[in-house]
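# Understanding the architecture of this molecule
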Amino acid sequence: GGGGGGKYVPPHRATRRAPPPGFAASTTAPPGFEASSAPPPGFEAPASPSPPAAGLGGDVQHQQPPPPNHQQQALPPDQEIPQILRHLQHLGEIRAQTQAQINQIKEQVMPSVEPPPGAPPRPSPAEALAILQPLVNRVQQIDSALAQAQMRLHQLAPQHFPPPPGAPPLPPMQAGPPPQPGQPSPPSPQQLQQPPPPTLLQQPPPQQPPPPLPPQQQQQPQLDASLPSPSSPPSPPLPVSPPPPSQTDPADEGAAPASSSDQADADPETEEDEEERRRRRAERRAERNAHREHEPRKYDRHLPRRPPRHLQYPGSPAAEQMELDAMLESLVGSLRQPEAEKQLIRRTYDEMRAIVQRTFEKEYPGKFKLHVFGSCVNGFGLRDADVDLCLQIPTDTQEEAAEAVESLAEAVRSAYPDIGDDASMDDMNVNPNGIKHSDVLALTHARVPIVKVQRLPRRLQGIACDICVNNTLAVVNTQLLKDYASIDQRLTLLAFCVKHWARQRKVNSTYHGTLSSYCYVTMCIFFLQTRHPPILPCLQDENILKPTFRAEINGHLCSYHHQAQNLAGFGRANTESLSDLLTGFFDYWAYRHDYSRDVASVRTGHAITKVSKEWTTRVGKDRHLICVEDPFDLSHDLGRTVDRNSIGVLRDEFVRATRIMREERDADTALRLLFEKYEPPPRPDRPSAEDAESSEAL
């Protein structure tokens, strides 16, 4: 946070590398090397964990490993390799002891055999997670040290030792005597690959998929509508056609300016062709500008990307903070859906279900289901939210799903009389059962085929409704978000504030290159998972919580701990208020998140690297500039629609919100500025085709 002209590096930049999977270290030295007992320079072994005391894991006490000795003299390979092998064996023993403690604590919390009568009550999962956290962090430290040591072995003798799994190739490092005075010192192992510090409840992923749960342990989440049953045959995955290659309009490419001699010797027909191309180019540019409804927002390149020193860790008076918290909670209460709107959603669902039943009863008798999903049922819905429905039918191809969308759109038009495209609000009041048939759109070429009803009849308050086909994965995502919301109410409060802020600042539209509401809620969950101490657990971490729901849907394995009611009060150790969390959320995405290498992952509960996801470059229309992983569809980046201009707009808005929450001490002023509606600057008059042609010729 200090001054200086150097490039700002976020404090977490070198602490987000995901540890590679654990491996069994080989203790056999290559020919010509004998084992030694001393650890190599810079690879001192961490202290062994103390055995657990009586009860649940005992008091977990760890000694921090000694810092690497960078001043120690470098050794030749024939002396350093045996020491590293000895070090690997020692680390493997420590890891086995720590993993045994973790298994012992998990057996006490979730025993495979029911305890006898009279046994002391088992602790809650929240208490067990608090005790398991330092042990799991210790395993991660050991895995990082193992990967670092094996990479050093690969550098010294690549013909005998392979690199650790998933590690990027590093330049070879020569070992030898220490440099003479005046010569640059060679890079140390710690400089080549820094081990990450412990993160929350992270363990290496299992090498084999977990065995299927017994039938009595597989529980099905319940929504207002039915969830796809794990026992029913899953719907086939929907093939996604590759995006068409980008084509450049030849009229948009300007020709190189010709010299005076070339112009003098130019053919008159060539000059006429050039004038014709300029005229067509000006007409196309004027036509595009005339039909452009929204001017893309531009970001301020001069805004600082690092927090000023006085904004690093400010404190606020308790009275002002309490007032701000009360005003935020009152705002959230005004944004929630009233009971009348919930009843309206139920009536809309009943009408759409009747239409679906009349349309598909003959073709799919008893084989179709209609689910409600999205913000209208997961607890994060704002007022006047759309109704999202999912039609589940046994289709095998994308063409059949597109045909179902066409049939459903025609059935919706037939169910309501047409009031005409030019109908006004008075006409809709006169005929409360009619709709504009042009408001019913069948999007058959979308990633998920969908029927968009932009306005239902007046008797349904003109609510909008979207009906997609075989998007059952979104139904499970809805239940996952609902389970997270039931653990700690601060998630719901934070998500409402963030969604309202995004709507006011006009950064909540994937069509214009920003983020969806579902993406913002996922970012809030990830933020609360990474607080210290954490407020939310990771429900998909099978090393800590047993999955109680498992199903394969559209080719994706959906497995997580559905019994979230057992984790109520998990984050009570964290006493941050709503205003603290809202400020921290904006501060993280403005200054702390590493956009160049990090992926926000709710599935793991911590940030993972873009390299591990292969999201380092643009693929088709997916730019991967701000990466948020979908919890179940691991190939889906929720921020894939953000482009190079909108990523600057988003970061500018995060910086603006952080400064308002940090600097404004008056609660009324802070909230007024934070949720101030964005108004685009006035657009200048567009030049006509003739003016554009004249300016182009000049």
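Residues numbered from 1 in each chain as written. Predicted model: local features only at pLDDT ≥ 70, side-chain atom pairs only at ≥ 80, totals over all residues. Heavy atoms only, no water.

## Here we look at the confidence of the model for the protein
Averaged over all residues, the pLDDT of the protein is 74; the fraction at 70 or higher stands at 64%. Segment residues 1-72 is flagged for pLDDT under 50; beyond a separation of four residues in sequence, or across chains, it makes 149 contacts in the model. Between residues 300-304, whose pLDDT stays under 50, and residues either more than four places distant or in other chains, the model counts five contacts. (pLDDT = per-residue confidence, 0-100. Contact = heavy atoms within 4.5 Å.)

## Comments concerning the sheet that holds strand 4 (residues 450-453)
With mixed pairing, the five strands of this open sheet are ordered in space as 1-2-5-4-3. Lying at the two open borders of the sheet, with one neighbouring strand each, are strand 1 (369-373) and strand 3 (440-443). The sheet shows a mean angle of 20 degrees between the axes of neighbouring strands, taken without regard to direction. Its contacts with the sheet put helix 9 (residues 398-415) on strand 2 (387-392), strand 3, strand 4 and strand 5 (465-469), and the angle it makes with strand 3 is roughly 175 degrees. Strand contacts of helix 11 (residues 472-487): strand 1 and strand 2, with the helix running at about 40 degrees to strand 1, the strand carrying the most contacts. (Pairing = 2+ DSSP bridges. Helix = DSSP H or I, 4+ residues; strand = E, 2+ residues; numbered from the N terminus. Axes fitted to C-alpha atoms, helices over the stretch in contact; angles between N-to-C directions.)

## Points about the sheet that holds strand 9 (residues 606-609)
Read from one edge of the open sheet, three strands run 9-8-10, paired in mixed fashion. Each of the sheet's edge strands pairs with one partner strand only, and the pair in question is strand 9 and strand 10 (627-629). Neighbour to neighbour, the strand axes of the sheet diverge by 35 degrees on average, direction disregarded. Docked against the sheet, helix 13 (residues 517-529) engages strand 8 (598-601), strand 9 and strand 10, running at close to 85 degrees with respect to strand 10.

## Focus on the pairing of strand 3
When strand 3 meets strand 4, the two strands line up antiparallel, connected through four bridges. Note that in strand 4 the partner of V440 across the bridge is V453. As consecutive antiparallel partners, strand 3 and strand 4 are separated by six residues.

## Examining the packing of helix 11 against helix 13
For the pair helix 11 and helix 13, interaxial distance at closest approach is 12 Å and the crossing angle is 40 degrees. When the axis of helix 11 is compared with that of helix 13, the two are oblique. Here the hand of the crossing between helix 11 and helix 13 comes out left-handed. Of helix 13, the residues touching helix 11 (which contributes N477, L481 and Y484) are Y518, V521, I525 and Q529. In terms of residue class, the contact of helix 11 with helix 13 is built from five nonpolar, two polar and no charged. (Parallel < 35°, antiparallel > 145°, perpendicular 65-115°, else oblique. Left-handed = near helix turned anticlockwise from the far one by under 90°. Nonpolar A, V, L, I, M, F, W, Y, C, P; charged D, E, K, R; others polar.)

## Focus on helix 17 (residues 667-674)
Taken residue by residue, helix 17 has A667, A670, L671 and L674 as its buried positions. All buried residues of helix 17 lie within an arc of 90 degrees about the axis, which places them on one face of the element. (Buried < 20%, exposed > 50% of the residue type's maximum accessible area, 1.4 Å probe, protein only. Arc of directions from axis to C-beta.)

## Details of the packing of aromatic side chains
Inspection of every chain in the model, using the stated rule, returns 11 aromatic pairs. Taking the centre distance of 5.9 Å and the plane angle of 90 degrees together, the rings of F527 and F585 count as edge-to-face. Here F585 lies in helix 14 (residues 578-592) and F527 lies in helix 13, a separation of 58 residues in the sequence. Judged by centre distance (5.1 Å) and plane angle (85 degrees), the ring pair of Y588 and W589 falls under edge-to-face. (Phe/Tyr/Trp six-rings, centres within 6.5 Å; stacked < 30°, edge-to-face > 60°.)

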